[in-house]
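Results of the structural survey
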Amino acid sequence: MDNVAAPLVTASGDMVTLPSLVLASLLVGLTGVTVVVAVLCVIAAVVALVLAWRAEHAVLRRIVRSRFRSCSWPAPSTSPRA
């Protein structure tokens with residue numbers, strides 16, 4: 001069964017991935033598309049952060065909140081000063 005299933009999974013993944021890579025390479029050069037995609041990604045990240053911060057799952061809330069409480073801005077330098 002693995003001799004049939006594995007090549008089928010690989011082929012179906014390639015049929016989706018390769019055209020997506022070609023399309024992405026064509027869209028990268030367009031300034032407007034790049035900016036729109038970047039703005040959408042930032043909005044999605046902020047929405048995901050807010051949803052995780054206010055989640056009903058205690059473990060998820062604790063992980064997200066502890067990560068931001070342990071951050072120091074800017075990050076301290078680990079290299080010794082000369």
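Heads up: the structure comes first, above all this text.
What comes next concerns the included structure. The residue numbering used here restarts from 1 in each chain and proceeds along that chain's sequence as written. In view of the model being predicted, local features appear only for residues whose pLDDT reaches at least 70, and side-chain atom pairs are presented and counted only at 80 or more, with totals across whole chains, interfaces and linings using the full set of residues. Remark: hydrogens and water are excluded; side-chain values derive from all non-hydrogen atoms of the structure.

Thoughts on the overall build of the chain
Broken down by element type, the chain carries three helices and zero strands. Numbering of helices and strands starts at the N terminus; helices are DSSP runs of H or I of at least 4 residues and strands are runs of E of at least 2. Each helix and strand of the chain, placed in order from N terminus to C terminus, yields the pattern α-α-α. Each residue gets one of three labels from its accessible area relative to the maximum for its type: buried under 20%, exposed over 50%, partly exposed in between, using a 1.4 Å probe on protein chains only. Evaluated residue by residue, the chain yields a buried proportion of 4% over its 82 residues. On the chain, roughly 7,400 Å² of surface is accessible, and the fraction owed to carbon and sulfur atoms is 72%. In short, Shrake-Rupley with a 1.4 Å probe defines the accessible areas, and a residue's cover is counted only from the protein chains shown.

Comments concerning the environment of Ala52
Its place among the elements puts Ala52 in helix H2 (residues 31–53). In what follows, a contact means two residues having at least one pair of non-hydrogen atoms within 4.5 Å. Ignoring sequence-local partners within four residues, the contact set of Ala52 consists of Leu60, Arg61 and Val64.

Points about a nonpolar patch on the surface
Each patch is built from salt-bridge-free residues with over 30% relative accessible area, joining like charges within 9 Å and nonpolar side chains (Val, Leu, Ile, Met, Phe, Trp, Tyr) within 5 Å. Definition used for salt bridges: Asp or Glu carboxyl oxygen within 4 Å of a side-chain nitrogen of Lys or Arg. A cluster of nonpolar residues, Val35, Val36, Val39, Leu40, Ile43, Val47 and Leu51, forms a patch on the protein surface that exposes about 640 Å² of accessible area. The exposure class assigned to Val39 is partly exposed, which follows from its relative accessible area of 46%.

What to know about the packing of H2 against helix H3 (residues 58–69)
In this description, a line fitted to the C-alpha atoms serves as the axis of each element, helices being fitted only across the stretch in contact, and the angle between N-to-C directions of two axes falls anywhere from 0 to 180 degrees. Here H2 crosses H3 at 115 degrees, and the two axes come no closer than 8 Å. Residues Leu49, Ala52 and Trp53 of H2 form the contact with H3, whose participating residues are Leu60, Arg61, Val64, Arg65 and Phe68. Only Asp, Glu, Lys and Arg are considered charged in this grouping, and only Ala, Val, Leu, Ile, Met, Phe, Trp, Tyr, Cys and Pro are considered nonpolar; every other residue, Gly among them, is considered polar. Looking at side-chain class alone, the contact of H2 with H3 contains six nonpolar, no polar and two charged residues.

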